[in-house]
Amino acid sequence: MTVFIIRRLMQSVIVVLVMSFIVFVGVNIVGDPVEMMISDEATQEEREKVIKSMGLDQPWHVQYGHFVQGVAQGDLGKSFVYGEPALKIIVQRIPATFELALAALVMAVVIGIPLGVYSGLKPDGRLSKAIMAGSILGFSLPTFWVGLMFIMVFAVMLGWLPSTGRGDAVPFLGIDVSFLTMDGLSHLFLPALNLALFKISMVIRLARAGTREVALQDYIKFARAKGLSMRRVVLVHLMKNIMIPVVTVLGLEFGGLIAFSVVTETVFAWPGMGKLIIDSIQSLDRPVIVAYLMITVLIFVIINLVVDVLYSILDPRVRLQDVKS
Amino acid sequence: MHFCKSLAAASVAAVSLMAPAAFAQTLTIGLGTEPTSIDPHYHNLGPNNQIAAHIFSRLVEQDHLQRLTPGLALSWKAIDDTTWEFKLRKGVKFHDGSDFDADDVLFSMDRGANHPNAKASFKLYSHGGGKEFIKVDSHTVHVKTPKPYPLMATDLSNVHIVSSGAKGKWEGEFNNGNQTFGTGPYKFVKWVKGEVLEFERNEAYWGDKPHWQKVIIKPIKSSPSRLAALLAGDVDFIDQVPTVDVAKLKKNAKISLSQGVSNRVIYLHLDQHRDPTPFAKGQDGKDIKNPFKDVRVRRAISKAISRDLIIDRVMEGVAIKAGQLLPDGFFGRSDKLKPEAYDPEGAKKLLAEAGYPNGFVTTLHGPNDRYINDAKIVEAIAQMLTRVGIKTTPDTMPKSVYFKRAKNNGPKKPPEFSFILVGWGSGTGEPSSPLRSLLATYNKEKGWGAANRGLHSNPKMDEVLEKALASVGDDKRAALLAQATEIAIGEDVGIIPLHYQVNTWAAKKGLKYQARTDERTVAFGVKPE
């Protein structure tokens, strides 16, 4: 397993490097950051000074060379807009986004699995049909619309929850988290639910399909014949076997939740990474875009690795060494 | 679902428990923009300057109509042709308790021009025209220029004064509050990027004390979310209300709106340099000589556009039609120029006279995320022009792409486009800045024509503008600036002005905002009714 993990990590370094090259070239084709940044009234001389200070007077391959040199020393470049290291700006935003993504993930599991298993066990029941119809809505309604509706209903009309922003944060294990305060939780609830809605629907469907398949297997019949309680059959024998697809998909989706919760973060003015990347794209803050995507790739690689390890724990038939071939 | 319910119930309880904790003296603002730094010399940009105005003062302040009023300088006058004298206010203290004097002025002017990390520096204002600052005594400063320089006070109304204790300290020390000491109405408390910005009242402020003791600013970029935050009562006051919501909000008894015309004019540039120009073809698709070089064609385009219709339908009535660079009430504006009246027949006649009885084919380019309703304006104009025979295709794109392609690098590297929509806000509150940047002949040495994307050029206008920029007497300068505008827009149609943007702010009932022409949103402008 150690060999497997080392090999994987080495592969991921190559992936990150290739990615940085593609993104670097890509963002250099689009737009002119100086035009975005400079004041209208600037003179030609002023403009040239700024171009020079950002190193944009060099051809792109020279710029890329400087960038790679910096990366080798752990420096991902300075943000054009804020003038601070791009890495620092992104890292500052990570706790907010992680918190939101984790809350959404927890909601997806806690709400999705029981509903999915229930509708898998009683596929023809009325409640099951209602759950399945609801999951179609969860899939098909656009996130930004649902987000705005949440705000309209729960914040504007009912006044139960705050409309936007992040609540009071307190330090926890050295990072600022908001889910430990009531104010923080009340701010977290709507955006997390908004982000989770799609995932809940997906988990319901996966759990239902898995349940229907597993429920007919011989070992379930045997367990019931043996006289085990329904509770034990479902919670131990059935659950364990439907978890593999759910863990795989949730693992991958978690990466997506962290990296691309752009819409939810924008609608709820959540100060996370998704909002940062969209702001950076709009202002053509190239160093932040490149650094952000590199970190995203890294997150995906790590999550995939964790999923693979989890597999081997959930299903003893999976041997990690096999992947090598 | 039980989990959801109990969480929701708990949150409701929490919210209602916290309600009494909110202070009546606190103002919470939902802002559509966020500054890139709190350092007032780091980035000369609207969102930064409006935040800096809370913490820092300037020698000369601009009021809500951009008229000059005394700031840290009590008075100023030209003591000879090339020297201005500024008498400084006495007894003013920075937020850290240190005294304000002439050394801080000299230091701030130098820092504004030479900030090593500046994204857009203040050099144009602090050192433009070859200014040299001389300390006469602790509260008198002389500014010398090689030539007479009438815009002195206007220029200095753009440079914020910081304490000379900030020597060698740059934006990082300002963003975290270590060195964020000004003499303005508010003291800096904290800034968490993307999340919140907090101020508290400066009880020792030299001017009128602001009403709010504490100010919390939350950046909410998405317009519907910002409005929802106001309606939900999470914020007391928002800026940049979208034009589509204005009519509905006017009927809402819980909301009070403030509107005011801005210094931003939306206009069209036409390529008056290249021949042929890339985006003008004959009806048969073949190259023709550049029609935009003919003043009759430019005037025909102006006549073919119904400004009333654009304002009524596209802008929902929230704009004022334009015939020059600045709206009513500004210094140096011409009384003779009126918005061109809609006259499609006259336009056709002019086109025929110019040798285009059947019109021609062109493309109007514009941004779609920069000005209020910009893409819709481009589409409307394209239809109006097509009706008089100029077959126009609208083409809009995000500003990040648009401004690179519309960039003017002088006659050798003109913009990619021939016919474009742009806007211009006059930070100085008078027409010399747009005349110099948009309409004066491109001249890198003088810094003229930097944003002249149509490469318009008229030596006669340049000459009048040159004279205006050297006239110290206000009346004479105003007359010359008006004359330059009349030549550039009235006679030459160098650009085609469309309308002035009107900005809308919304507050909860009982609060009123004094609308500003410089589009700034400032906490000290919000007062109880």
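Scoring rules and cut-offs
Residues numbered from 1 in each chain as written. Chains lettered and ligands numbered in written order. Predicted model: local features only at pLDDT ≥ 70, side-chain atom pairs only at ≥ 80, totals over all residues. Helix = DSSP H or I, 4+ residues; strand = E, 2+ residues; numbered from the N terminus. Buried ≥ 20, exposed ≤ 12 C-beta atoms within 10 Å, placed from the backbone. Contact = placed C-beta atoms within 7 Å. Pairing = 2+ DSSP bridges. Right-handed = clockwise from strand over helix to strand, strands pointing away. Axes fitted to C-alpha atoms, helices over the stretch in contact; angles between N-to-C directions. Nonpolar A, V, L, I, M, F, W, Y, C, P; charged D, E, K, R; others polar. Arc of directions from axis to C-beta. Parallel < 35°, antiparallel > 145°, perpendicular 65-115°, else oblique. Left-handed = near helix turned anticlockwise from the far one by under 90°. Expected span 1.5 Å × (residues − 1). Core = buried A, V, L, I, M, F, W, Y, C linked by C-beta atoms within 7 Å. pLDDT = per-residue confidence, 0-100.

Visitor: I'd like a description of the overall build of chain A, backed by residues and values.
Guide: Across its full length, chain A holds 13 helices and two strands. Structurally, chain A occupies a C-alpha span of about 85 × 60 × 35 Å along its principal axes. The 325 residues of chain A split such that 41% are buried. Across chain A, contacts joining residues at least 24 apart in sequence account for 69% of those joining residues at least 6 apart.

Visitor: Residue-level account of the pairing of strand β16 (residues 391-397) of chain B, with values.
Guide: All names here are of chain B. The side-chain alternation of β16 yields one buried face, formed by Thr392, Pro394 and Thr396, and one unburied face, formed by Lys391, Thr393, Asp395 and Met397. As paired elements, strand β15 (residues 361-367) and β16 share seven bridges and run parallel to each other. By the bridge assignment for β16, Pro367 is matched with Met397. Following the chain from β15 across helix α12 (residues 374-387) to the adjacent parallel β16, one finds a crossover that is right-handed.

Visitor: Describe the sheet that holds strand β4 (residues 73-80) of chain B, naming the residues involved and giving the relevant values.
Guide: All names here are of chain B. Taken in spatial order, the four strands make up an open sheet running β4-β5-β7-β6, and their pairing is antiparallel. Sheet topology places β4 and β6 (132-137) at the edges, where each strand pairs with a single neighbour. Here the average twist between neighbouring strands, direction ignored, is 25°. By the bridge criterion, six bridges tie β4 to strand β5 (residues 83-88) in an arrangement that is antiparallel.

Visitor: Any chance you could break down the interface of chain B and chain A for me, citing the residues and the numbers?
Guide: Taken together, the contacts link 48 residues of chain B with 49 residues of chain A. Looking at the side of chain B that touches chain A, the elements that each hand over two or more residues are α1 (2-18), α4 (123-126), β10 (214-219), α7 (223-231), α13 (399-405) and α14 (432-439) of chain B. Per-element accounting of the side of chain B that touches chain A gives the leading share, eight residues, to α1(B). Of the residues in the side of chain B that touches chain A, the class split is 23 nonpolar, 14 polar and eleven charged.

Visitor: So what's going on with helix α15 (residues 459-469) of chain B? Which residues, and what values?
Guide: Residues and elements named next belong to chain B. Along α15, the positions that sit buried rather than exposed are Met461, Asp462, Val464, Leu465, Ala468 and Leu469. One face of α15 carries all of its buried residues, which in axial projection span an arc of 165°. Of the residues in α15, the exposed ones pointing more than 90 degrees away from the buried face are Pro459 and Glu463. Here the buried face of α15 lies against α14 and α16 (474-491).

Visitor: Quick one: what's the story with the packing of helix α9 (residues 295-304) of chain B against helix α11 (residues 344-353) of chain B, residue by residue and with numbers?
Guide: All names here are of chain B. The geometry of α9 relative to α11 is characterised by a closest axis approach of 8 Å and an angle of 165° between their N-to-C directions. Judged by the angle between their axes, α9 and α11 are roughly antiparallel. Crossing angle aside, the handedness with which α9 passes α11 is left-handed. Between α9 and α11, the residues in contact are Arg296, Val297, Arg299, Ala300, Lys303 and Ala304 and Pro344, Gly346, Ala347, Leu350, Leu351 and Glu353, respectively. Tallied by class, residues from the contact of α9 with α11 come to seven nonpolar, one polar and four charged.

Visitor: Any chance you could break down the packing of helix α5 (residues 86-121) of chain A against helix α13 (residues 286-314) of chain A for me, citing the residues and the numbers?
Guide: Residue and element names in this part refer to chain A. Where α5 meets α13, the closest approach of the two axes is 9 Å, and the angle between their N-to-C directions is 55°. One way to sum up the angle between α5 and α13 is to call them oblique. Pair α5 / α13 crosses with right-handed handedness. Every residue of α13 that contacts α5 at Ala86, Leu87, Ile89 and Ile90 is listed here: Pro287, Val288, Ala291, Tyr292 and Ile295.

Visitor: Give me the lowdown on the environment of A:Asp279, citing residues and values where you can.
Guide: Relative to the assigned elements, A:Asp279 resides in helix α12 (residues 273-282). Among the residues examined, A:Asp279 registers 17 C-beta atoms within 10 Å and is labelled partly exposed.

Visitor: Describe the environment of B:Ser138, and please don't skip the residues or the numbers.
Guide: All names here are of chain B. Looking at the secondary structure, you find Ser138 in the loop between β6 and β7 (140-144). Separated by 105 residues in sequence, Ser138 and Thr243 place their C-alpha atoms 50 Å apart. Those residues within four positions of Ser138 in sequence are excluded, and the remaining contacts are Asp101 and Ala102.

Visitor: So, the pairing of strand β12 (residues 255-270) of chain B: which residues are in play, and what are the values?
Guide: Residues and elements named next belong to chain B. Within β12, twelve of the 16 residues are buried, which leaves the element mostly enclosed by the surrounding structure. As paired elements, β12 and strand β17 (residues 419-425) share seven bridges and run antiparallel to each other. Each residue of the ladder has a partner; that of Arg264, found in β17, is Gly425.

Visitor: Residues and numbers for helix α3 (residues 102-114) of chain B, please.
Guide: Residue and element names in this part refer to chain B. With 13 residues, α3 extends 19 Å between its outermost C-alpha atoms, agreeing within 8% with the 18 Å of an ideal straight helix rising 1.5 Å per residue. By the burial criterion, the buried members of α3 are Ala102, Asp104, Val105, Ser108, Met109, Arg111 and Gly112. Tucked into the core, α3 has its buried residues touching β5, α4, β6 and β7.

Visitor: Before we move on, could you go through the nonpolar core and cite the residues and values that matter?
Guide: With 116 residues, the main nonpolar core has A:Ala104, A:Ala192 and B:Ala523 as its most contacted residues. No other element matches helix α8 (residues 182-214) of chain A, which puts 16 residues into this core. B:Ala523 has contacts with B:Leu27, B:Ile29, B:His54, B:Tyr186, B:Phe199, B:Pro210, B:Trp212 and B:Val215, leaving out every residue within four places of it along the chain.

Visitor: I'd like a description of the confidence of the model for chain B, backed by residues and values.
Guide: All names here are of chain B. The share of residues in chain B with pLDDT of 70 or more is 95%, and the mean pLDDT across the chain is 90. Within chain B, the element-level pLDDT minimum falls on α1, averaging 45, and the maximum on strand β11 (residues 237-238), averaging 96. Note that pLDDT drops below 50 for residues 1-23; the model gives that stretch 18 contacts with residues more than four away or on any other chain. If you check the scores for this complex, the pTM reads 0.85 and the ipTM reads 0.82.

Visitor: Residues and numbers for unusual backbone geometry, please.
Guide: Residue and element names in this part refer to chain B. Across the junction of Asp275 and Pro276, the peptide omega takes the value -5°, indicating a cis bond. Relative to the elements of secondary structure, Pro276 occurs in the loop between β12 and β13 (280-281). The backbone phi angle of Gln66 is positive, close to 60°, even though this residue is not glycine. In this fold, Gln66 is placed in the loop between β2 (60-62) and β3 (68-70). On the neighbour-count criterion, Gln66 (21 C-beta atoms within 10 Å) is buried. Positive phi, close to 45°, is recorded for Val493, a residue that is not glycine. Along the chain, Val493 falls in the loop between α16 and β18 (495-508). On the neighbour-count criterion, Val493 (24 C-beta atoms within 10 Å) is buried.

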